[in-house]
Amino acid sequence: MPQFVAFILIGGVGNNRLVHNPEIPSSCLKVASARVTPAHGCVNSVVTTGNMRILIVEDEPDLLRSLAQALREEGYAVDTAADGEDGLFKAESYDYDAVVLDVMLPNIDGWEILSRLRKTKKTPVLMLTARDQSRDRVKGLDTGADDYVVKPFDLSELFARLRALIRRSANKTTNGIKIGDVKIDTAARNVWLKDKTVELTAREYSLVEFLALHRGEVVTRTQLYEHLFDENDSTLSNLLDVHVSNVRKKLGAEFISTRRGHGYCIK
Ligand code: CA
């Protein structure tokens, strides 16, 4: 029998909100979020359809910071690299759900990173190209980029392209997951319990979605940490048990099972 951890009475703080950053024009602030859709019948699969860890490789500090913040506000775990060498190292070392890759970079440029990465990994890559570089776009797609946006870009466009790219890479076409009385719309990031909307924080939603996408599998704590929290996250938000406990309070104690010593599971 699965065992359930005791509730911890700490309320989550909602952070699934629009981005407010003085460095980003207000026209860029209309952001939305969606995720990939359920994976069924893959009990022993390695976690590859998760959608929450993104690498940004960008040498313009303001843009890098703004992008990272905006994606974190959306609930993604975000790693950053400010030059080509670090970017290539990270892209090759970790299984990101997507990489946002600038073309013009110190040390190793975006094309070189892309072609070297493609020798070992199929990680979805969204290129950031400069305006009036249409030849670059063709080159990028030839080299194995999955999509591109032209600088300066609107955040909402970048987010939409990232979502589409992640969804394509997971080969999924629908956005709904139903687990007992719980329904999840991964495009709108809404969750319902018995047809009543449930308010989840961004982290709680990410946890629910990740487990739901791996329904029937035991997901280890390490896998959850890797997908929910980025390399710089050492705050109180890094308390997995608290998020699990909060989700159980909102969606029912049985919704997430604990496999003691192994991890968590949604049946
Ligand atoms: Ca650049």
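Rules used in this analysis
- Residues numbered from 1 in each chain as written.
- Predicted model: local features only at pLDDT ≥ 70, side-chain atom pairs only at ≥ 80, totals over all residues.
- Helix = DSSP H or I, 4+ residues; strand = E, 2+ residues; numbered from the N terminus.
- Buried ≥ 20, exposed ≤ 12 C-beta atoms within 10 Å, placed from the backbone.
- Contact = placed C-beta atoms within 7 Å.
- Pairing = 2+ DSSP bridges.
- Axes fitted to C-alpha atoms, helices over the stretch in contact; angles between N-to-C directions.
- Expected span 1.5 Å × (residues − 1).
- Parallel < 35°, antiparallel > 145°, perpendicular 65-115°, else oblique.
- Left-handed = near helix turned anticlockwise from the far one by under 90°.
- Nonpolar A, V, L, I, M, F, W, Y, C, P; charged D, E, K, R; others polar.
- pLDDT = per-residue confidence, 0-100.

Asker: Can you help me understand the overall build of the chain in this one?
Answerer: A count of helices and strands for the chain gives eight helices and 12 strands. When burial is assessed residue by residue, the chain has 39% of its 267 residues classed as buried. Taking the contacts inside the chain whose residues are at least 6 apart along the sequence as the reference set, 66% of them involve residues at least 24 apart.

Asker: Sorry, what's going on with unusual backbone geometry here?
Answerer: Note: most residues except glycine have negative phi, and most peptide bonds are trans. Along the chain, Lys151 connects to Pro152 via a cis peptide bond; the corresponding omega equals -10 degrees. Examined against the element boundaries, Pro152 turns out to sit in the loop between β5 (147–151) and α5 (155–169). The residue Asn107 is not glycine, and still its phi comes out positive at about 70 degrees. Turning to its location among the elements, Asn107 is positioned in the loop between β3 (98–102) and α3 (110–117).

Asker: Please explain the sheet that holds strand β12 (residues 263–265) as it appears in this structure.
Answerer: One key point about sheets: their strands pair by backbone hydrogen bonds, in either a parallel or an antiparallel sense. Reading across the sheet, the three strands line up as β10-β12-β11 and stay open at both edges, with antiparallel pairing between neighbours. Edge positions in the sheet fall to β10 (219–220) and β11 (257–259), since each has one partner strand and no second. Examined bridge by bridge, β10 and β12 share two bridges and lie antiparallel to one another. Residue pairing in the sheet places Val219 in a bridge with Tyr264 of β12.

Asker: Just to check I follow, could you spell out the sheet that holds strand β4 (residues 125–130) for this structure?
Answerer: What the five strands build is an open sheet, ordered β2-β1-β3-β4-β5; its pairing is parallel. Looking along the sheet, the strands with just one partner apiece sit at the ends: β2 (77–81) and β5. Within the sheet, the average angular offset between the axes of one strand and its neighbour, ignoring direction, is 20 degrees. Pairing of β3 with β4 involves four bridges; the strand directions are parallel.

Asker: Just to check I follow, could you spell out α5 for this structure?
Answerer: Side chains three or four residues apart in an α-helix point the same way, a direct result of the helix having 3.6 residues per turn. Taking 1.5 Å of rise per residue, 15 residues should cover 21 Å, and α5 covers 21 Å from first to last C-alpha, within 8% of that figure. All of the buried residues along α5 are Leu155, Leu158, Phe159, Leu162, Arg163, Leu165, Ile166 and Arg167. Each element contacted by the buried residues of α5 is listed here: α1 (61–73), β3, β4 and β5.

Asker: What should I look at first to understand the packing of helix α6 (residues 202–213) against helix α7 (residues 221–228) in this one?
Answerer: Think of two packed helices as two axes; the pair is described by the angle between the axes and how far apart they sit. Close contact between α6 and α7 brings their axes to 11 Å; oriented N to C, the two are set at 130 degrees. It follows that α6 is oblique to α7 by the angle criterion. Crossing of α6 over α7 shows right-handed handedness. Contacts between α6 and α7 pair Arg203, Ser206, Leu207 and Phe210 from the former with Leu224, His227 and Leu228 from the latter. In terms of residue class, the contact of α6 with α7 is made up of four nonpolar, two polar and one charged.

Asker: Looking at this model, I keep getting lost on the pairing of β2. Mind explaining?
Answerer: Regular strands show a simple pattern: their side chains alternate between the two faces of the sheet. Extensive coverage of β2 is indicated by the burial of five of its five residues. Alternating residues of β2 divide into Ala77, Asp79 and Ala81 and Val78 and Thr80, and every residue in both groups is buried. Sheet topology places strand β1 (residues 53–57) next to β2; five bridges connect them, and they run parallel. Bridge assignment links Leu55 to a residue of β2, and that residue is Asp79.

Asker: Is there a simple way to think about the confidence of the model for the chain in this case?
Answerer: Regions with low pLDDT carry predicted coordinates that are not meant to be interpreted in detail. Chain-level statistics for the chain give a pLDDT mean of 76 and a share of 72% at 70 or above. In the model, residues 1–51 has pLDDT below 50 throughout and makes 108 contacts with residues more than four positions away in sequence or in other chains.

Asker: Before we go on, may I ask you to explain the environment of Glu204 in this structure?
Answerer: Looking at the element boundaries, Glu204 is found in helix α6. Distance in space between the C-alpha atoms of Glu204 and Leu240 is 9.5 Å, their sequence separation being 36 residues.

Asker: For this particular structure, what's the right way to read helix α8 (residues 240–251)?
Answerer: With 12 residues, α8 extends 16 Å from end C-alpha to end C-alpha; this agrees with the ideal 16 Å at 1.5 Å per step. Here α8 has its buried residues at His243, Val244, Ser245, Asn246, Val247 and Leu251. Buried residues along α8 sit in contact with β7 (182–185), β8 (190–193), β9 (196–198), α6 and β12. Residue Gly252 follows α8 closely and has a positive phi angle near 110 degrees.

Asker: I'm lost on the packing of helix α2 (residues 84–93) against α3 in this one. Help?
Answerer: Closest axis-to-axis distance for the α2/α3 pair is 10 Å, and the angle between their directions is 20 degrees. Considering the angle they form, α2 stands roughly parallel to α3. Handedness of the α2/α3 crossing: right-handed. Contacts from Gly84, Gly87, Leu88, Ala91 and Glu92 of α2 reach α3 at Glu112, Ile113, Arg116 and Leu117. Here the residues of the contact of α2 with α3 are counted per class, giving four nonpolar, two polar and three charged.

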